[in-house]
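So the chains spell out like this:
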Amino acid sequence: MVWPHSGLGPKGSTESLVPFHKLSQWMTYSLIEPLQEAGIDIQGVDELTGLAEYRNGGLILDRGLIELRDPSLAGHTHSPSSELVVEWRALTVHFLDQSADQIRKSLG
């Protein structure tokens, strides 16, 4: 899924597009352990991003890492392609990646 966000570039330009690969990521994450258990060496696992889905985004919102600029928007339904949702999902990936880096550093 790819959606535009006006904060990234001119409307209609490729610079404005934000890609999310939720379904392919789920499949990839589901296959890593079985493939490793089958003796296949999987490299680059630490380079995978977190999932930009509502559970992760909700956790980041609930923990106060992000908040709505306009709190009145919380009471409305937003389409998946709305700028609010695209930005929320992009921030979710960003904060998950930052958290993963900190966890990796802590665990060595």
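Calculation criteria
Residues numbered from 1 in each chain as written. Predicted model: local features only at pLDDT ≥ 70, side-chain atom pairs only at ≥ 80, totals over all residues. Heavy atoms only, no water. Helix = DSSP H or I, 4+ residues; strand = E, 2+ residues; numbered from the N terminus. Contact = heavy atoms within 4.5 Å. Areas by Shrake-Rupley, 256 points an atom, 1.4 Å probe, with all protein chains shown as cover. Lys, Arg positive; Asp, Glu negative; His and termini not counted. Charge placed at Lys NZ, Arg CZ, Asp CG, Glu CD. Patch = residues over 30% accessible without salt bridge, like charges linked within 9 Å, V, L, I, M, F, W, Y side chains within 5 Å. Salt bridge = Lys/Arg side-chain N within 4 Å of Asp/Glu carboxyl O. Buried < 20%, exposed > 50% of the residue type's maximum accessible area, 1.4 Å probe, protein only. Expected span 1.5 Å × (residues − 1). Bend = angle between axes of the 7 residues up to and from the residue.

S.K.: Give me the lowdown on the overall build of the protein chain, citing residues and values where you can.
M.R.: Along the backbone of the protein chain there are three helices and two strands. In the protein chain, the succession of helices and strands from N to C terminus is β-β-α-α-α. Principal axes of the C-alpha set define a box for the protein chain whose edges measure 50 × 30 × 25 Å. A sequence separation of at least 24 residues applies to 54% of the contacts in the protein chain between residues at least 6 apart. By element, 58% of the accessible surface of the protein chain is carried by carbon and sulfur atoms, the whole surface being about 7900 Å². Looking at charge distribution, the protein chain has the averaged site of its 8 positive side-chain charges lying 5 Å from that of its 14 negative ones.

S.K.: Lay out a nonpolar patch on the surface in plain terms, naming residues and giving numbers.
M.R.: Together, Met27, Leu31, Leu35 and Ile40 make up an exposed nonpolar region whose accessible area comes to about 360 Å². For Leu35, the position within the fold is in helix α1 (residues 22-37). For Leu35, a relative accessible area of 33% corresponds to the partly exposed category.

S.K.: Describe in detail α1, supporting the description with residues and values.
M.R.: With 16 residues, α1 extends 24 Å from end C-alpha to end C-alpha; this agrees with the ideal 22 Å at 1.5 Å per step. Where α1 bends most, the angle comes to about 30°, and this point is Leu31, followed within four residues by the proline Pro34. Residues of α1 that are buried include every one of Lys22, Gln25 and Ile32, and no others. Along its buried surface, α1 packs onto α3 (83-107). Immediately beyond the C-terminal end of α1, within one or two residues, lies Gly39, with a positive phi of roughly 95°.

S.K.: Outline the pattern of salt bridges, supporting the account with residue identities and numerical values.
M.R.: Within this structure, the stated rule accounts for four salt bridges. Note that Asp46 is salt-bridged to Arg104, the shortest N-O span being 3.2 Å. On the criterion of sequence distance, the pair formed by Asp46 in the loop between α1 and α2 (54-62) and Arg104 in helix α3 is long-range, its members being 58 residues apart. Arg55 is the partner of Glu53 in a salt bridge, and the nearest nitrogen-oxygen pair spans 2.9 Å.

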